[in-house]
Amino acid sequence: MTFVQIIDCKTSRFDDMNRLMDKWVEQTRGKRTATHNIIGKDRSDASHFVEIVEFPSYDVAMTNSQLPETDRIFREMVALCDEMPTFTDLDVVRDEQLYKATARRFFELASTGGELPPLDEIFDEDFHDHDPANAQDVIGMDAVRRELDEWRGGFRFQFTVDDQIAEGDRVCTRWTWNATHTGDFMGIEATGKEVSMSGTVIHRFREDGKIVEGWWQYDLLGLMGQLGAVEV
């Protein structure tokens, strides 16, 4: 079970505190067990800071706290605080990766039958898509809709999300696409064939959670082979 420690402190010497954290990172390189660290500043009190440190488990966190470097840094941190910091230990009972959920939502909307649903809930109006199958990048919501309409007009399909990895403002999704060729696609008339394809896409997110950029990789040549358009 993931474990999170919240450190609440007040300090008028944040620059010194920041340098101290850099020092801790350097001194514990290869030893520390924390997997994620966030420091936030209170918008209504510039001296109030909250640090959130994530560990794979409570036991791993305790191993980290027993490092001699951690003990030294802690004592130096207390000296920089205006008052004694407080610590809250939390076992994580739910961890919803919101960017990952939005990326999955795209695949759901793209696969929906009938009229294409509104995409404003997930995409920025100036969304920029990099697709190796296109001579030019797709930029803007109107272009995105035209691109999706071409695929939806040529196939009845479903996406399966096989794997997702989130890092910072990016989510990488590995997917499988299963489809029936029901209409004209890139000049190929409907064949009724069952086809499939796998690939990945990396989505970049804005701070408000909307997707602003995408990079695709998939086997279009393999798809053309399944449709009988090329020999593979």
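The rules behind the values
Residues numbered from 1 in each chain as written. Predicted model: local features only at pLDDT ≥ 70, side-chain atom pairs only at ≥ 80, totals over all residues. Heavy atoms only, no water. Helix = DSSP H or I, 4+ residues; strand = E, 2+ residues; numbered from the N terminus. Contact = heavy atoms within 4.5 Å. Polar contact = N/O pair within 3.5 Å; in protein donor to acceptor, adjacent residues only side chain to side chain. Salt bridge = Lys/Arg side-chain N within 4 Å of Asp/Glu carboxyl O. Buried < 20%, exposed > 50% of the residue type's maximum accessible area, 1.4 Å probe, protein only. Pairing = 2+ DSSP bridges. Axes fitted to C-alpha atoms, helices over the stretch in contact; angles between N-to-C directions.

Draft legend 1. Spotlight on the environment of Thr 176. Considering the arrangement of structural elements, one finds Thr 176 in strand S8 (residues 170–181). Taking the C-alpha atoms as reference points, Thr 176 and Gly 140, 36 residues apart in sequence, are found 25 Å from one another. Residues within four places of Thr 176 in sequence aside, it is in contact with Gln 158, Phe 159, Thr 160, Asp 162, Met 197 and Ser 198. A polar contact of 2.5 Å, which involves the side chain of Thr 176, links it to the side chain of Asp 162.

Draft legend 2. Broad picture of the pattern of salt bridges. In the structure shown here, the tally under the stated rule is 13 salt bridges. Here Arg 105 makes a salt bridge to Glu 108, at a shortest N to O gap of 3.3 Å. With Arg 105 and Glu 108 both in helix H4 (residues 98–111) and three residues apart, the pair spans about one turn of that helix. Residue classification places Arg 105 among the partly exposed residues on the basis of a relative accessible area of 30%.

Draft legend 3. Region of interest: the sheet that holds strand S1 (residues 3–10). Here four strands make up an open sheet; going across it, the order is S2-S3-S1-S4 and the pairing antiparallel. The open sheet terminates on both sides in strands that have one partner only, identified here as strand S2 (36–41) and strand S4 (86–91). Averaged over all adjacent pairs, the angle separating strand axes in this sheet is 15 degrees, with direction ignored. In this sheet, S4 lies alongside S1 in antiparallel orientation, the contact comprising six bridges. When the bridges of S4 are listed, Gln 5 appears paired with Asp 89.

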